[in-house]
Amino acid sequence: MADPGAGIGADLVAVDVHVHPRSAEFVAAMGPRAQQMSAYFGREESVVSMDELADSYRARNMRAVLMNTTDETTSGIAPVPNDEIARAVQKHPDVFTGFGVVEPAMGKLAVDEIRRCSEELGLRGIGELNPGRQGFYPNDPACYPLWEEASRQGLVVLFHSGMMGAGAGTPGGMGYKLKYTRPIPYLDDVVGDFPELTVIGAHPSWPWQEESLAIARHKSNFYIDLSGWSPKYFSEELVRYLNGPLRHKFLFGSDWPLITPERWVQDFDQLPIKDGVREDILLNNAVRVLDL
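Some remarks on unusual backbone geometry
Reasoning step 1: Following glycine 127, the chain continues into glutamate 128 via a peptide bond in cis, with omega recorded as 10°.
Reasoning step 2: Among the secondary structure elements, glutamate 128 is positioned in strand E4 (residues 125–129).
Reasoning step 3: Between tryptophan 206 and the following residue, proline 207, the backbone shows a cis peptide bond with an omega angle of 10°.
Reasoning step 4: Inspection of the secondary structure puts proline 207 in the loop between strand E6 (199–202) and helix H10 (209–218).
Reasoning step 5: Of note, the phi angle at aspartate 291 is positive, near 55°, even though the residue is not glycine.
Reasoning step 6: Judged by relative accessible area, aspartate 291 falls into the exposed class, the value being 63%.

Rendered as structure tokens:
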């Protein structure tokens, strides 16, 4: 089993906590979303091998946290097995950390897969779970055995929050419902009921940004990744919290390939960020939260 933290050293400048692989298997598993996302964001879903992705992050002196994803119970499309993420980490332990994914609707099978992700595959977390695409409320008692197992295994759990690119710009949003992606009460309940579980709310959570900020302020085991948005669109309130009481609760994430790390960091460097905060958000917070 590969050490997910191998290679952490003085030359590391950032940890990108939100990266979606785009090897042929992962693009195929997107199904109709590949065309929809290309149309909405105005870019093609290009195939990038795991080796190419590793080389690109290695050249940046960045570590990439690979996210798996699934909506099998709503789309009928089987996900890429979590084993593929684990193999990429094993091959490139100096640059990759891996998260597996499960379908909460699968009940005990999902619990067993969480255990396997930790004990057999050596993955560091579970995510990206997308309640909007997967059609579940994280605080549904039926999901609690999953979070209990993740907590027992010491895994971080990352949930999509707020507006979704999936389905955006189509009639009916491809059937996906945004109601599932609201931070309060759905994530707040989970974080409150499982105080030993580290939860990351992915993205600035628009239009419920203040709710995620409130959870991060209130509960020490909740963090926010800043992926999926160029920092030039960050609100004044968000920047104020970045510089203030929540500087240790934010994590750099690009949501690659949606945004490149270079663009994200370039736009972030245009913000009025206080001394020391940049290093915390780009690197130090993720090293601590992911135990790298």
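Having seen it, we continue.
Observations concerning the pattern of salt bridges
Reasoning step 1: Summed over the entire model, instances satisfying the criterion amount to 18 salt bridges.
Reasoning step 2: Where lysine 219 meets aspartate 188, a salt bridge forms, and the shortest distance between an N and an O atom there is 2.7 Å. Of this pair, lysine 219 sits in the loop between H10 and strand E7 (222–225) while aspartate 188 sits in helix H9 (residues 186–193), and the two are 31 residues apart along the sequence.
Reasoning step 3: A relative accessible area of 14% places lysine 219 in the buried class.
Reasoning step 4: By relative accessible area, aspartate 188 is classed as buried at 19%.
Reasoning step 5: Counted as one network, the salt bridges with shared partners bring together Lys108, Asp112, Arg115, Glu148, Glu149 and Arg152.

With respect to the packing of helix H12 (residues 261–268) against helix H13 (residues 277–289)
Reasoning step 1: Here H12 crosses H13 at 160°, and the two axes come no closer than 12 Å. In terms of orientation, H12 lies roughly antiparallel with respect to H13. Crossing angle aside, the handedness with which H12 passes H13 is right-handed. On H13, the residues that touch Trp264, Val265 and Phe268 of H12 are Arg278, Ile281 and Leu282.
Reasoning step 2: Class assignment of the residues belonging to the contact of H12 with H13 gives a composition of five nonpolar, no polar and one charged.

Considerations on the packing of aromatic side chains
Reasoning step 1: Under the definition given, this model contains nine aromatic pairs.
Reasoning step 2: Aromatic side chains phenylalanine 136 and tryptophan 147 sit 6.5 Å apart centroid to centroid with 40° between the ring planes, which places their arrangement in the tilted category. Of this pair, phenylalanine 136 sits in the loop between helix H7 (131–134) and helix H8 (144–153) while tryptophan 147 is found in helix H8, placing the two residues eleven residues apart along the sequence. For the pair formed by phenylalanine 136 and tryptophan 147, the shared burial category is buried.
Reasoning step 3: The lysine or arginine in question, arginine 60, covers the ring of tyrosine 57, its NZ or CZ lying 4.6 Å from the ring centre.

Calculation criteria
- Residues numbered from 1 in each chain as written.
- Predicted model: local features only at pLDDT ≥ 70, side-chain atom pairs only at ≥ 80, totals over all residues.
- Heavy atoms only, no water.
- Helix = DSSP H or I, 4+ residues; strand = E, 2+ residues; numbered from the N terminus.
- Buried < 20%, exposed > 50% of the residue type's maximum accessible area, 1.4 Å probe, protein only.
- Salt bridge = Lys/Arg side-chain N within 4 Å of Asp/Glu carboxyl O.
- Axes fitted to C-alpha atoms, helices over the stretch in contact; angles between N-to-C directions.
- Parallel < 35°, antiparallel > 145°, perpendicular 65-115°, else oblique.
- Left-handed = near helix turned anticlockwise from the far one by under 90°.
- Contact = heavy atoms within 4.5 Å.
- Nonpolar A, V, L, I, M, F, W, Y, C, P; charged D, E, K, R; others polar.
- Phe/Tyr/Trp six-rings, centres within 6.5 Å; stacked < 30°, edge-to-face > 60°.
- Lys NZ or Arg CZ within 6 Å of the ring centre and 35° of its normal.

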